[in-house]
Amino acid sequence: MKSMGTKIAIVTGAGSGIGRAVAVELVRTGWSVALAGRRAERLEETATLAEAALAEAGPAETALLTEPPAKDGTSLCVRTDVSRPDDVAALFAAVRDRFGRLDLLFNNAGTFGPGGVPFEELPYEAWRHVVGTNLDGAFLCAQAAYRQMKDQDPQGGRIINNGSISAHTPRPQSAAYTATKHALTGLTKSLSLDGRPYRIACGQIDIGNAATDMTERMQTGALQANGEVAPEPVMDVADVARTVRHMAELPLEANVQFATVLATAMPYVGRG
């Protein structure tokens, strides 16, 4: 079991994009991180990048660590489909076995679903896939984390849900994605309330146009509310990762309930 000097996190969707960036940032600054995702080879790539970032950390960063990084490794790769209860149970069991406790769940795994499909043509199977990943998966992981944080000693921990700008304002032809992200806000609020007696804090980060594979098309053209297709600016995903780390490293007596991080000039304020 790790001593209390090393914080333990689970990052879902850690094989790419925002999940990868957050995992690398946490490992770089002294966390031990379980990397969860559907593709084992992508998780291993993230682990390699994280270990390299830790090795390259400067004196000012390593001086902040409360103890040296764990000698048995700072990351654990667990192939996980978050929409499958058995996979989620196995993920949290692996974390308990390896690290003994859990301080942070970054509930990040998600999918946008088929793009450019009018609402009346959206297949039910596509709807279920988006809901299964974005909402069911977030619920399953949050519930498993909540149980572990409630029962562990010292009690408590933090859950950060990856919302979206679409938790506030939808894009055209995004009904499934938008519905799940609005629902995630309700889950965040409920967890914040229910977790209080057990020192479980829950917050949400709503992210707009971070530069990842998922948003690559926005730089060449994205459908706007007026029917036009226009390129949109993006921001460095590392800026998102630093924001998540700030939220994660607050004492449990403080919580960022909702944070919005977006490319400054993207169409959001006054969208449409």
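Residues numbered from 1 in each chain as written. Predicted model: local features only at pLDDT ≥ 70, side-chain atom pairs only at ≥ 80, totals over all residues. Heavy atoms only, no water.

**Q** Teacher, can you tell me more about the pairing of strand β5 (residues 157-162) here?
**A** It is a general feature of regular strands that their side chains alternate between the two faces of the sheet. The buried fraction of β5 amounts to six of the six residues, a majority that puts the element mostly inside the structure. Burial of the side chains of β5 extends over both faces: Gly157, Ile159 and Asn161 are buried on one face and Arg158, Ile160 and Asn162 on the other. For the crossover that starts at strand β4 (residues 104-107), traverses helix α5 (residues 124-151) and ends in the parallel β5, the hand is right-handed. Here six bridges tie β5 to strand β6 (residues 200-208), and the two strands are oriented parallel to one another. Bridge pairing links isoleucine 160 to glycine 203 in β6. Handedness of the β-α-β unit built from β5, helix α6 (residues 175-194) and β6 comes out right-handed. (Buried < 20%, exposed > 50% of the residue type's maximum accessible area, 1.4 Å probe, protein only. Helix = DSSP H or I, 4+ residues; strand = E, 2+ residues; numbered from the N terminus. Right-handed = clockwise from strand over helix to strand, strands pointing away. Pairing = 2+ DSSP bridges.)

**Q** Just to check I follow, could you spell out the packing of aromatic side chains for this structure?
**A** One pair of aromatic rings is described through two measures. These are the centre distance and the angle between the planes. Within this structure, the stated rule accounts for two aromatic pairs. Taking the centre distance of 4.7 Å and the plane angle of 40° together, the rings of phenylalanine 112 and tyrosine 177 count as tilted. In this pair, phenylalanine 112 is assigned in the loop between β4 and α5 and tyrosine 177 in helix α6, connecting sequence segments 65 residues apart. Residues phenylalanine 112 and tyrosine 177 agree in their burial class; the two are buried. Taking 6.1 Å as the distance between ring centres and 80° as the angle between the ring planes, the aromatic pair formed by tyrosine 146 and tyrosine 198 counts as edge-to-face. With tyrosine 146 in helix α5 and tyrosine 198 in the loop between α6 and β6, this residue pair connects regions lying 52 residues apart in the sequence. Owing to a relative accessible area of 17%, tyrosine 146 belongs among the buried residues under this scheme. Relative accessible area serves as the criterion here: at 24%, tyrosine 198 is assigned to the partly exposed category. (Phe/Tyr/Trp six-rings, centres within 6.5 Å; stacked < 30°, edge-to-face > 60°.)

**Q** Any chance you could explain the nonpolar core here in plain terms?
**A** Side chains of a nonpolar character, in soluble globular proteins, are inclined to be buried together. Of all hydrophobic cores here, the largest spans 38 residues; its most connected members are Val33, Ile205 and Val240. The element contributing the most residues to this core is helix α1 (residues 17-28), with seven residues. For isoleucine 205, the contacting residues outside a window of four places in its chain are Phe106, Ile160, Asn161, Asn162, Gly163, Ser164, Val240, Thr243, Val244, Met247, Ala259 and Val261. Among the nonpolar cores identified, the runner-up in size contains 29 residues, and Ile10, Leu140, Tyr146 and Met149 belong to it. (Core = buried A, V, L, I, M, F, W, Y, C linked by side-chain atoms within 4.5 Å. Contact = heavy atoms within 4.5 Å.)

**Q** Teacher, can you tell me more about the side chain of asparagine 107 here?
**A** Locating asparagine 107 in the fold gives a position in strand β4. Accessibility expressed as a relative area gives 5% for asparagine 107, which makes it buried. Within the local environment of asparagine 107, its side chain forms a polar contact with the side chain of asparagine 161, the two groups lying 3.1 Å apart. Dropping the residues within four chain positions of it, asparagine 107 is found in contact with Thr12, Gly137, Ala138, Cys141, Ala142, Ile160, Asn161 and Asn162. (Polar contact = N/O pair within 3.5 Å; in protein donor to acceptor, adjacent residues only side chain to side chain.)

**Q** What's the story with the confidence of the model for the protein in this structure? I'm lost.
**A** The predicted coordinates ought not to be read in detail in places where the model reports low pLDDT. For the protein, per-residue confidence averages 89 on the pLDDT scale, and 90% of positions sit at 70 or higher. Across residues 62-72, confidence stays below pLDDT 50; counting only partners more than four residues off in sequence or on other chains, it has 13 contacts. (pLDDT = per-residue confidence, 0-100.)

**Q** Explain the pairing of β4 here, please?
**A** Judged by which residues are buried, β4 turns out to be covered on both faces: Leu104 and Phe106 on one side and Leu105 and Asn107 on the other are all buried. Pairing of strand β1 (residues 8-12) with β4, which is carried by three bridges, proceeds in the parallel orientation. Opposite isoleucine 10, over in β4, you have leucine 105 as the bridge partner.

**Q** Help me out: how do you make sense of helix α2 (residues 40-56) in this one?
**A** Within an α-helix, residues lying three or four positions from one another point in the same direction, as the helix has 3.6 residues per turn. An ideal rise of 1.5 Å per residue puts 24 Å on 17 residues; α2 measures up with 25 Å between its terminal C-alpha atoms. Burial in α2 covers these residues: Arg42, Leu43, Thr46, Ala47, Ala50, Ala53 and Leu54. One face of α2 carries all of its buried residues, which in axial projection span an arc of 145°. Of the exposed residues in α2, those oriented more than 90 degrees away from the buried face are Thr48, Ala55 and Glu56. Elements that come into contact with the buried residues of α2 comprise α1, β2 (32-37) and β3 (75-79). (Expected span 1.5 Å × (residues − 1). Arc of directions from axis to C-beta.)

**Q** Got a minute to help me understand empty space enclosed by the protein in this structure?
**A** Once rolled over the atoms, a probe with the size of a water molecule shows which space is left empty. All told, the structure shown has two cavities of 30 Å³ or more when counted by the stated rule. Counted as a void, the largest cavity has a volume near 50 Å³. For the largest cavity, the full set of lining residues is Thr12, Val82, Asn107, Asn108, Ala109, Thr133, Asn134, Gly137, Ala138, Asn162, Lys181 and Leu184. Contributions of two or more residues to the lining of the largest cavity are made by α5 and α6. Looking at which element gives the most residues to the lining of the largest cavity, the answer is α5, with four residues. Grouping the constituent residues of the lining of the largest cavity by class yields four nonpolar, seven polar and one charged. (1 Å grid on protein atoms, 1.4 Å probe; cavity = no way out; pocket = protein on both sides within 12 Å on 5 of 7 lines; lining within 4 Å. Points joined across faces, edges and corners; volume = space filled by probe spheres on them. Nonpolar A, V, L, I, M, F, W, Y, C, P; charged D, E, K, R; others polar.)

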